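Letter by letter, the chains look like this.
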Amino acid sequence: MKFSVAWGSQGSKRRLAPRIMASMANIEQRTASQDPRISRVAEGIFAIDTEYVRPQQDASHLMVDGREAAFIDTGVNRSVPTLLAAVAAQGLAPEDVRYILLTHVHLDHAGGASQLVRRLPRAKVLVHPRGAAHLTDPSKLIAGTRAVYGDATYERMYGEILPIPAARVECVQDGETRELGARRLEFLHTPGHALHHVCIADRAAGLAFTGDIFGVSYRELDNANGPFVMPTTTPTQFDPQQMHASVDRVLALRPTQVFLTHYSRVEQVSRLGADLHADIDLYVDIARAHAAAGDRERAIAADIWSELGARLRRHGHDPDDAAVRELLDADVRLNAAGLVAWLSRQAA
């Protein structure tokens, strides 16, 4: 989850708001002169840079098979023109999009769904049963997000989020399958990041779309050692046991590649899964060590940075590089806030 709903500490998210506003202003200046950021990342799969906060931070994926298409996650409202341009670039019409598949309803993943579905006359929105009510009545998501960011930042980041007609929303059960062209897509309930999280697997193609449950991996950190991944433990539904189980469920698919919302295609899936398991345990140990601290969030974030720095060095990066710290700072802060929320639930 990246800056999505009012599920973090208000202090941590308010500290991020000025940085978000500045980043989005830069993006708006670029989009006036640049083509949409659409790239083919696998056979019939296109990553679309939603430019949610910064370039290559948040991806929607377009899957095309024959004359049928589906989106996996949507970005936010301002992403919709780029998503539609991706459809047109493949010689397809809006009527050819059958599905909008949501890994979960956090606003960086689903904030554009209500506007997008109005432009795709045949598309059904498929979502976990726990997430459906937030699509047909988004008032709680809207109120919570406005409370954290304030009205001006909310309007700039998300715009108008409308209810999606119930007839356009379908709930997917664990293990349910749908066909897209010749593909069979399987939906797996994968809690740990959010109780309403799903992954979408194409077993025949050896791939899966993992939303946030298989961590975040930014392409700026790719090098000769491969991709770098870290878990996302953001508030408020992080659960380490569930996250471990969900990571194992992804690994059990034996995919050759997975597609993350943050950001797109990665290989070396087994290694990344092992890294995620190790970090989940490490983060829990860090959180427990600071359970009685006066400022738990700050203390946890400092220790995450310390451990993250060691991992970055082993991977071949300088953790003191300003660009690296800027790239990961928001994730560290939100992960710390999520661990504080988890500690509070444990103590309740």
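Since we're looking at a predicted model, the values are computed, not measured.

Novice: Would you take a moment to explain the sheet that holds strand S2 (residues 45-49) for this structure?
Specialist: Remark on secondary structure: sheet strands pair via backbone hydrogen bonds, oriented parallel or antiparallel. Taken together, the seven strands give an open sheet; going across it, the order is S1-S2-S3-S4-S5-S6-S7, and neighbouring strands pair in mixed fashion. This sheet does not close on itself; its edge strands, each paired only once, are strand S1 (38-42) and strand S7 (169-171). Between one strand axis and the next, the sheet turns through 25 degrees on average, direction left out of account. The pairing of S2 with strand S3 (residues 59-65) spans five bridges and is classified as antiparallel. When the bridges of S3 are listed, aspartate 49 appears paired with alanine 59. In the packing of helix H2 (residues 80-89) onto the sheet, contacts are made with S1, S2, S3, strand S4 (68-72) and strand S5 (97-101), and the angle to S2 comes to roughly 155 degrees.

Novice: Sorry if this is basic, but what is going on with the confidence of the model for the chain here?
Specialist: In regions of low pLDDT, the predicted coordinates are not meant to be interpreted in detail. When pLDDT is averaged across the chain, the result is 90; 89% of the residues are at 70 or more. Low confidence marks residues 1-35, where pLDDT is under 50. Its contacts with residues over four positions away, or in another chain, come to 92 contacts.

Novice: Sorry if this is basic, but what is going on with helix H11 (residues 322-347) here?
Specialist: Because an α-helix completes one turn every 3.6 residues, residues spaced three or four positions apart along the sequence face the same direction. In this model H11 runs 37 Å from its N-terminal to its C-terminal C-alpha over 26 residues, within 8% of the 38 Å that 1.5 Å per residue would give. By the largest-angle criterion, leucine 328 marks the main kink of H11, which is about 45 degrees. Measuring from the side-chain oxygen of the N-cap residue of H11 to the backbone nitrogen of alanine 323 gives 2.8 Å; that N-cap residue is aspartate 321.

Novice: Where do I start with unusual backbone geometry in this structure?
Specialist: Note on backbone geometry: most residues besides glycine have negative phi, and most peptide bonds are trans. Between proline 235 and the following residue, threonine 236, the backbone shows a cis peptide bond with an omega angle of -5 degrees. When you line up the elements, threonine 236 lands in the loop between strand S11 (207-211) and helix H8 (240-252). Here the residue pair histidine 262 and tyrosine 263 is connected by a cis peptide bond, since its omega of 0 degrees sits within 30 degrees of zero. By the element assignment, tyrosine 263 lies in the loop between strand S12 (257-260) and strand S13 (264-266). Here the phi dihedral of aspartate 73 falls at roughly 65 degrees; this positive angle occurs in a residue that is not glycine. Tracing the chain through its elements places aspartate 73 in the loop between S4 and H2.

Novice: Explanation requested: the sheet that holds strand S10 (residues 198-202) in the structure shown.
Specialist: If you trace the six strands from one edge of the open sheet to the other, you get S8-S9-S10-S11-S12-S13, paired in mixed fashion. Of all strands in the sheet, those bounded by a partner on one side alone are strand S8 (177-180) and S13. When strand polarity is set aside, the average angle formed by the axes of neighbouring strands in this sheet is 25 degrees. Pairing of S12 with S13 involves three bridges; the strand directions are antiparallel. Pairing of leucine 260 across the sheet is with serine 264, part of S13.

Novice: Quick question: what am I supposed to make of the nonpolar core here?
Specialist: Note that soluble globular proteins tend to have their nonpolar side chains buried in a common cluster. By size, the foremost hydrophobic cluster in this structure holds 45 residues, and its most contacted members are Phe214, Val258, Ile300, Leu308 and Leu328. For this core, the elements supplying multiple residues, two or more each, are S10, H8, S12, helix H9 (269-289), helix H10 (296-315) and H11. Ranked by the residues each element gives to this core, the list is headed by H11, at nine residues. Phe71, Leu102, Val105 and Val117 belong to the second-largest nonpolar core, a separate cluster that totals 39 residues.

Novice: When you look at H10 in this model, what are you seeing that I'm missing?
Specialist: The terminal C-alpha atoms of H10 lie 28 Å apart, and with 20 residues this matches the ideal 28 Å at 1.5 Å per residue to within 8%. Among all positions of H10, only Glu297, Ala299, Ile300, Ala301, Ile304, Trp305, Leu308, Gly309, Arg311, Leu312 and His315 are buried. Just beyond H10, the residue with positive phi is glycine 316, at close to 105 degrees.

Novice: It is not clear to me how the packing of H10 against H11 should be interpreted in this structure. Could you clarify?
Specialist: Helix-helix packing: each pair is described by the crossing angle between the helix axes and the interaxial distance. As a packed pair, H10 and H11 sit with axes 8 Å apart at the nearest point and diverge in direction by 130 degrees. Taken as axis vectors, H10 and H11 run oblique relative to one another. Of the two elements, H10 crosses H11, and the hand of that crossing is right-handed.

Novice: Any chance you could explain the pattern of salt bridges here in plain terms?
Specialist: Close approach of charged atoms allows side chains of opposite charge to pair. In this structure the tally under the stated criterion is 23 salt bridges. A salt bridge links aspartate 329 to arginine 333; the shortest N-O distance between them is 2.9 Å. Of the two residues, aspartate 329 and arginine 333 are both situated in helix H11; the distance of four residues between them amounts to about one turn of the helix. With a relative accessible area of 14%, aspartate 329 lands in the buried category. A residue is classified by how much of its surface remains accessible, and arginine 333, at 26% relative accessible area, is partly exposed. Each of the salt bridges in this network shares a partner with another, and the network as a whole consists of Arg271, Asp275, Asp279 and Arg311.

Rules and cut-offs
- Residues numbered from 1 in each chain as written.
- Predicted model: local features only at pLDDT ≥ 70, side-chain atom pairs only at ≥ 80, totals over all residues.
- Heavy atoms only, no water.
- Pairing = 2+ DSSP bridges.
- Helix = DSSP H or I, 4+ residues; strand = E, 2+ residues; numbered from the N terminus.
- Axes fitted to C-alpha atoms, helices over the stretch in contact; angles between N-to-C directions.
- Contact = heavy atoms within 4.5 Å.
- pLDDT = per-residue confidence, 0-100.
- Expected span 1.5 Å × (residues − 1).
- Bend = angle between axes of the 7 residues up to and from the residue.
- Polar contact = N/O pair within 3.5 Å; in protein donor to acceptor, adjacent residues only side chain to side chain.
- Core = buried A, V, L, I, M, F, W, Y, C linked by side-chain atoms within 4.5 Å.
- Buried < 20%, exposed > 50% of the residue type's maximum accessible area, 1.4 Å probe, protein only.
- Parallel < 35°, antiparallel > 145°, perpendicular 65-115°, else oblique.
- Left-handed = near helix turned anticlockwise from the far one by under 90°.
- Salt bridge = Lys/Arg side-chain N within 4 Å of Asp/Glu carboxyl O.

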